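Listed here are the chains, written in short residue letters.
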Amino acid sequence: MIPAAFDYARPRTLDEAVRTLHDGGDDAKVLAGGQSLIPILRLRLAFPELLVDLGRIPELRGVREDADNGSLVIGAMTTHHDIIHNPLVRRHDGLLAAATETVADPAVRHRGTLGGSLSHADPAGDLPAVLLALDGEMVAAGPQGRRTIPARDFFVDYLQTALTGDEVLVEIRVPRTDAWGFHYEKFSRTAQGWAVVGIAALVRRDDGHIAEARIGLTNMGTTPLRASATEQALTGAEAGPAAVARAAEAAAEGTRPASDLSASPEYREHLVRVLTRRAVLAAAGME
């Protein structure tokens, strides 16, 4: 199907992009990598009158270390491919690199962007749950300037974020997790398919015990979620398979999994318990 007609703008600076988006009002929409938006347009599920393409704004790409606290700052237009192969990401935030490797196929990873994936906010997408587990932050720019939004506040509802209509996601900030073990466990019906359920696990061990665990859940509600009950049960627990299995039984608490062609809510709840156990064991080096 051919998309409905729209105007097209390709600004060369962030200020120009914000101004163009603001002037376009409710009928303007940002185009990042286009791997989510273009199919929606082709299906005529969205009818923007103006697309604001961010592809020619160099300041929105790349990865650097924050000089003040050492966290990684990732430009919103940095592609999945570049994140996977970036040495800073691989060295200091391996969970993000590992999860990004599971996104779709190589063609999508070469065009799709981290900021585009997060702004689309599909609960079945792999990266929102990862940013939640990492305690990441999103930096948005709008007519009133810049503001920082914690990942826990960024995802509002199904395909909805805290971004206002005239804001652009500029960069993503993630703390370094050098001392943590990590693993992303994903179950999908087909190769390179959307996650039926995904688990982003970070585990920090100390003296034979689990000092802290963070677990992000993919596709267990209308937004990405944290498995808070399992995280609490793991904190201070002996680093052994039995303790992990007991804690994983609580992984579905507080979730609202959907019923669709891929799985029933009950099946997703079963999957999340099984996959959480696998992911935590792998992250803790016990697999």
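That block above? That's the structure.
Presented here is an overview of the structure given in this document.

Criteria and cut-off values
Within each chain, residues carry numbers counting from 1 in the order of the written sequence. In keeping with the model being predicted, local features are shown solely for residues with a pLDDT of at least 70 and side-chain atom pairs are shown and tallied solely at 80 or more, while totals for entire chains, interfaces and linings include all residues. No hydrogens and no water enter the side-chain calculation; it runs on all heavy atoms of the structure. Between 30 and 60 degrees the pair is tilted, below 30 it is stacked and above 60 it is edge-to-face, where a pair is any two Phe, Tyr or Trp rings, Trp via its six-membered ring, whose centres lie within 6.5 Å. Each residue gets one of three labels from its accessible area relative to the maximum for its type: buried under 20%, exposed over 50%, partly exposed in between, using a 1.4 Å probe on protein chains only. Throughout this description, the term charge over a ring refers to an Arg CZ or Lys NZ atom that lies within 6 Å of the ring centre and within 35 degrees of the ring normal. Secondary structure elements are defined from DSSP: runs of H or I of at least 4 residues count as helices, runs of E of at least 2 residues count as strands, and each element is numbered from the N terminus. The contact rule is simple, with two residues in contact once any of their heavy atoms fall within 4.5 Å. Pairing between strands is defined by DSSP: at least two bridges between the two strands are required. For helices, the fitted axis covers only the stretch in contact; all axes are lines through C-alpha atoms, and the angles between them, taken along N-to-C directions, range from 0 to 180 degrees.

## Some words on the packing of aromatic side chains
Here the structure, examined in full by the defined rule, presents one aromatic pair. Ring geometry for Phe-154 and Phe-155: centres 5.1 Å apart, planes at 90°, overall edge-to-face. Across the pair, exposure class does not vary: Phe-154 and Phe-155 are buried alike. The lysine or arginine in question, Arg-204, covers the ring of Trp-180, its NZ or CZ lying 5.5 Å from the ring centre.

## Observations concerning the side chain of Arg-214
Assignment of secondary structure puts Arg-214 in strand β13 (residues 209-218). According to the relative accessible area criterion, Arg-214 is buried, its value standing at 12%. Not counting chain neighbours up to four residues away, the residues in contact with Arg-214 comprise Ala-133, Leu-134, Asp-135, Trp-180, Ala-200, Ala-201, Leu-202, Arg-226 and Glu-231.

## Some remarks on the sheet that holds strand β6 (residues 137-142)
Read across the open sheet, the five strands follow the order β4-β5-β10-β6-β7; overall the sheet is antiparallel. In this open sheet, the two edge strands, each paired with only one partner strand, are β4 (63-65) and β7 (145-150). Here the average twist between neighbouring strands, direction ignored, is 25°. Bridge analysis of β6 against strand β10 (residues 168-174) gives five bridges, and the strand direction is antiparallel. Its bridge partner being in β10, Val-139 is matched across the sheet by Glu-171. Its contacts with the sheet put helix α1 (residues 14-24) on β6, β7 and β10, and the angle it makes with β10 is roughly 125°.

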